[in-house]
Amino acid sequence: MDLSAPASSLCLSRTIYQSTRTRVSSFSPLHSCCVRFLSVSVPIFSKFKANPSIPFKTRKVHLNMIRRSGSITAKPSSELKKKRIGSEQDDKLRALRELFSKPGIGIDAYIVPSQDAHQSEFMAECYMRRAYVSGFTGSAGTAVVTKDKAALWTDGRYFLQAEKQLSSSWVLMRAGNLGVPTTSEWLNQVLSPGCRVGIDPFLFSSDAAEELKEVISKKKLELVYLYNMNLVDEIWKSSRPKPPSKPVRVHDLKYAGVDVASKLSSLRIELKDVGSSAIVISMLDEIAWLLNLRGNDVPHSPVIYAYLIVEMHGAKLFIDDSKVTPEVMAYLKNAGVELKPYETVLSEIECLAMKGAQLWMDTSSVNAAIANTYKSACERYFESLRNKNDKRKNRTISHDGSTCQSEGPAWLCRPSPISMAKAVKNHAELEGMRNSHLRDAAALAEFWAWLEEEIQKDELITEVEVADKLLGFRSKQDGFVDTSFDTISASGANGAIIHYKPEPHNCSKVDPNKLFLLDSGAQYIDGTTDVTRTVHFREPSARQKECFTRVLQGHIALDQAVFPENTPGFVLDAFARSSLWKIGLDYRHGTGHGVGAALNVHEGPQSISFRFGNMTPLQRGMIVSNEPGYYEDHAFGIRIENLLHVKEIDTPNCFGGIGYLGFEKLTFVPIQAKLVDLTLLSVAEIDWLNDYHSQVWEKVSPLVDGSARQWLWDNTRPLVKL
């Protein structure tokens, strides 16, 4: 399943990944910056390189109230039931616009992003505000409503889906297409100078909010933070789903590989090295990884709604404690982690400023409400000192990264060190990923054997029934927990909808005379899987075979890539597209995304994509997907996806004294031979396919029997080019 989308305005800014530039502020003249890589002496939080981030802007914001944000019932956005399009969406827009002129609001436009307060891709259903107000249920998109217009931006993965789901009240903005303005550019076009644009600061990263403010200020538009009220929540009212209630669980050390005490110790070394006394963590998978916890707040992603503040001598987890069992409570207490109510995080942030903390914040992920609460509290702190005619020492960072003595709060704006540490898997995590992928392959062999038999009997099977049956096979495997995303079971033209999800009341039958695309994955106790195969049950056309074969050539080229250390993923993206480019074809999504170990199926900071803004180098131990594709609108879709582990490669030379990297395959599921045009493949490419199928048979056949074993045998026979 693809994570990445074309460069667009989805988050109201160009996505700029990890930064190595330290930014320190304390409401005095901005202190000098330094560039410093994470210490190689720390075994967990490893060294990385990345590009500079957007300059950090400060501003004065006073908060009068802290808005409550409780934990929420979780369903993926695509499960939000498709409702009557037209009058119902018009009613929602009308109700939303009526709030614009209410006392304390006074806005001319309102932006509704996809994200929750933690910048999550998958989220609880009651955080799906954009889906509720627009009717569009794709995982990526931004809605903007003015007093007389409504527009929705989404990327190329969702163009067809948005066309189907949006009512005539909405204008679809195909982000990334030539001539399509970004959300901020559009606001500058349609609003008059002096107009006010409202946002919920909990739903925007600090960086995104700052960039939005900067762009719209060019047209003299004002950005208004509505801390105490989300306007979509106001019209959603009592129909919002109830909070989740399933308990948190401890992730076993034999799968985690490193205990929580060691992870916290390594993090505190990082804090000390950069002169920080505390860090606030808001990304849900980072919290789960750091504390070796897993939850059930979000289907497909075993995470919990929480914030975490780690200080030099303690840590506080902000969570709905009704989900914390006595066992987990004792576990956290033993690790030195104190429980606090979820909604009190802003109060604690203010307290950190009053204590003079030097707070590490990743402003690309920490929401604007938290960032501005801390900045406002810092301002009040120093205003109080000035009123007492006290003098303070300026906090400085020397060019070598060491810190001098200081007093008073400050903030350090740096990429989260947990993101990279989590991305580089340890031995236990890698073993869990390998083992879970083999069990998953066995389930898929049983599934494909069943499906082909049903098709041969001319049974009529819907796309939903296919997804349900696959779930049944997977659920029989040891350690199965959940699917890792909504299964994309797509027959014929539905395969061209890149993130298609069939619904029981509105799906197709599996047509044996058309291409069938199946993108699916699972969460196991020890790993996370994501695999896509495209098949034809009868005789594919020459056009379909050529397109499939060129996608396969791209898949092989990326799989075989060998590259120097410190190579960012975008450098490899062209490997997967080159064969398609030769005949003027391409696809509208990234080629690869990071994958968590028994965590989110999509994780960063690494990716393989044509977007060159992400300078994160691929490192040994990372896991990425390899999923080139091709899609003909209203006709068919093709995608071939395996997961890969980045490993060291033994090369005969070592130019420049650096090492070289390549990939180890984790996914072992046959690639359908009948769709391959052998005349297009080189001998080396045929050898790759035969070797891959030999490995599939060797690794998976001991795990299956009967018809599944026979199916596996039939689909792993070597091919010969005549």
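What you are looking at is a predicted structure, and each value in this text was computed from that prediction instead of being measured.

(A) Spatial organisation of the overall build of the protein chain. Of regular secondary structure, the protein chain possesses 19 helices and 30 strands. Expressed as a percentage of its 722 residues, the buried residues of the protein chain come to 62%. Taking all contacts inside the protein chain whose residues are at least 6 apart in sequence as the whole, residues at least 24 apart take part in 75%. Accessible surface for the protein chain amounts to roughly 27400 Å². Of this, 51% is attributable to carbon and sulfur atoms.

(B) Layout of unusual backbone geometry. Here the residue pair G604 and P605 is connected by a cis peptide bond, since its omega of 10 degrees sits within 30 degrees of zero. Positionally, P605 belongs in strand β25 (residues 603–608). Phi at N566 is positive, roughly 70 degrees, even though this residue is not glycine. Residue N566 is classed as partly exposed on the basis of its relative accessible area of 43%.

(C) Geometry of the sheet that holds strand β6 (residues 171–174). Taken in spatial order, the six strands line up as β6-β5-β4-β3-β7-β8 in an open sheet, and their pairing is mixed. The sheet terminates laterally at β6 and β8 (222–225), the two strands that pair on one side only. Across the sheet, the mean angle separating the axes of adjacent strands is 25 degrees when strand polarity is ignored. Direction of pairing for strand β3 (residues 109–112) relative to strand β4 (residues 142–146): antiparallel, over a ladder of four bridges.

(D) Expanded view of the pattern of salt bridges. All chains considered together, the criterion is met by 32 salt bridges. Between E503 and K501 there is a salt bridge, and its shortest N-O distance comes to 3.7 Å. Judged by its relative accessible area of 21%, K501 is partly exposed. The structure contains a network of salt bridges with shared partners spanning D285, K422, K425 and E603.

(E) Looking closely at helix α17 (residues 570–581). Here α17 spans 16 Å end to end across twelve residues, near enough to the 16 Å set by a 1.5 Å rise per residue. Where α17 is buried, its residues meet α16 (542–559), β23 (563–564), β25, β27 (629–632) and β30 (660–665).

(F) Focus on the packing of aromatic side chains. Applying the stated criterion across every chain yields a total of 18 aromatic pairs. Between F447 and W450 the ring centres are 6.1 Å apart and the planes differ by 40 degrees, which places this aromatic pair in the tilted class. You can see F447 and its partner W450 sitting in helix α14 (residues 427–456), three residues apart, about one turn around the helix. Of the two residues, F447 and W450, both sit in the buried class.

(G) Focus on the nonpolar core. In terms of nonpolar packing, the biggest core is built from 92 residues, with L317 and Y374 touching the most fellow members. Examining the composition of this core, we find that seven residues originate from one element, helix α12 (residues 368–387), more than from any other. Excluding residues that lie within four positions of it along the chain, L317 makes contacts with I287, L291, L293, A306, Y307, L308, L332, V337, E338, L339 and K340.

(H) The sheet that holds strand β17 (residues 480–483), seen in detail. Read across the open sheet, the three strands follow the order β17-β20-β21; overall the sheet is antiparallel. Edge positions in the sheet fall to β17 and β21 (527–528), since each of these pairs with one other strand and no more. Pairing analysis gives three bridges linking β17 to strand β20 (residues 522–524), with the strands arranged antiparallel. In the sheet register, F480 faces β20, and the bridge partner there is Y524. Strand contacts of helix α15 (residues 463–475): β17 and β20, with the helix running at about 160 degrees to β17, the strand carrying the most contacts.

(I) A look at the confidence of the model for the protein chain. Of the residues in the protein chain, 85% reach a pLDDT of 70 or more, and the chain-wide mean stands at 87. Ignoring residues within four places in sequence, the model shows residues 5–43, a span with pLDDT below 50, making 152 contacts including any to other chains. Long-range and interchain partners of residues 46–84, a stretch whose pLDDT sits below 50, account for 146 contacts in this model, where long-range means more than four residues apart.

(J) Expanded view of the side chain of N626. Within the secondary structure, N626 is located in strand β26 (residues 623–626). Looking at N626, its side chain comes within polar contact range of the main-chain oxygen of H555, at 2.9 Å. The residues touching N626, leaving out its near neighbours within four places in the chain, are H555, L558, D559, T591, I640, E641, N642 and L644.

(K) Quick look at the packing of α14 against α15. Closest axis-to-axis distance for the α14/α15 pair is 9 Å, and the angle between their directions is 140 degrees. One element, α14, and the other, α15, form an angle in the oblique class. In the packing of α14 onto α15, the handedness of the crossing is right-handed. Along the contact surface, α14 presents D440, A443, L444, E446, F447, W450 and L451, while α15 presents V466, K469, L470, F473 and R474. Classifying every residue of the contact of α14 with α15 by side-chain character gives eight nonpolar, no polar and four charged.

(L) Here's a closer look at helix α4 (residues 183–190). Restricting attention to buried positions, one finds in α4 the residues T183, S184, W186, L187 and N188. Along its buried surface, α4 packs onto β3, β4, β5 (150–154), β6, β7 (196–199) and α5 (206–217).

(M) Local environment of the pairing of strand β29 (residues 642–649). Taken together, the four bridges between β26 and β29 define a ladder with antiparallel strand orientation. Its bridge partner being in β29, V624 is matched across the sheet by L644. As paired elements, β29 and β30 share six bridges and run antiparallel to each other. Each bridged residue has a counterpart across the sheet, and for K647 the counterpart in β30 is G662.

(N) The pairing of strand β14 (residues 337–340), seen in detail. As judged from the four bridges shared by strand β13 (residues 314–318) and β14, these two strands associate in the parallel manner. Bridge pairing links K316 to E338 in β14. With helix α10 (residues 326–334) bridging β13 and the parallel β14, this β-α-β connection has right-handed handedness.

(O) Expanded view of the environment of G314. One can find G314 in strand β13. With 23 residues separating them along the chain, G314 and V337 place their C-alpha atoms 6.4 Å apart. With residues near it in sequence (within four places) discarded, G314 still touches R268, I309 and G336.

Scoring rules and cut-offs
Residues numbered from 1 in each chain as written. Predicted model: local features only at pLDDT ≥ 70, side-chain atom pairs only at ≥ 80, totals over all residues. Heavy atoms only, no water. Helix = DSSP H or I, 4+ residues; strand = E, 2+ residues; numbered from the N terminus. Buried < 20%, exposed > 50% of the residue type's maximum accessible area, 1.4 Å probe, protein only. Contact = heavy atoms within 4.5 Å. Areas by Shrake-Rupley, 256 points an atom, 1.4 Å probe, with all protein chains shown as cover. Pairing = 2+ DSSP bridges. Axes fitted to C-alpha atoms, helices over the stretch in contact; angles between N-to-C directions. Salt bridge = Lys/Arg side-chain N within 4 Å of Asp/Glu carboxyl O. Expected span 1.5 Å × (residues − 1). Phe/Tyr/Trp six-rings, centres within 6.5 Å; stacked < 30°, edge-to-face > 60°. Core = buried A, V, L, I, M, F, W, Y, C linked by side-chain atoms within 4.5 Å. pLDDT = per-residue confidence, 0-100. Polar contact = N/O pair within 3.5 Å; in protein donor to acceptor, adjacent residues only side chain to side chain. Parallel < 35°, antiparallel > 145°, perpendicular 65-115°, else oblique. Left-handed = near helix turned anticlockwise from the far one by under 90°. Nonpolar A, V, L, I, M, F, W, Y, C, P; charged D, E, K, R; others polar. Right-handed = clockwise from strand over helix to strand, strands pointing away.

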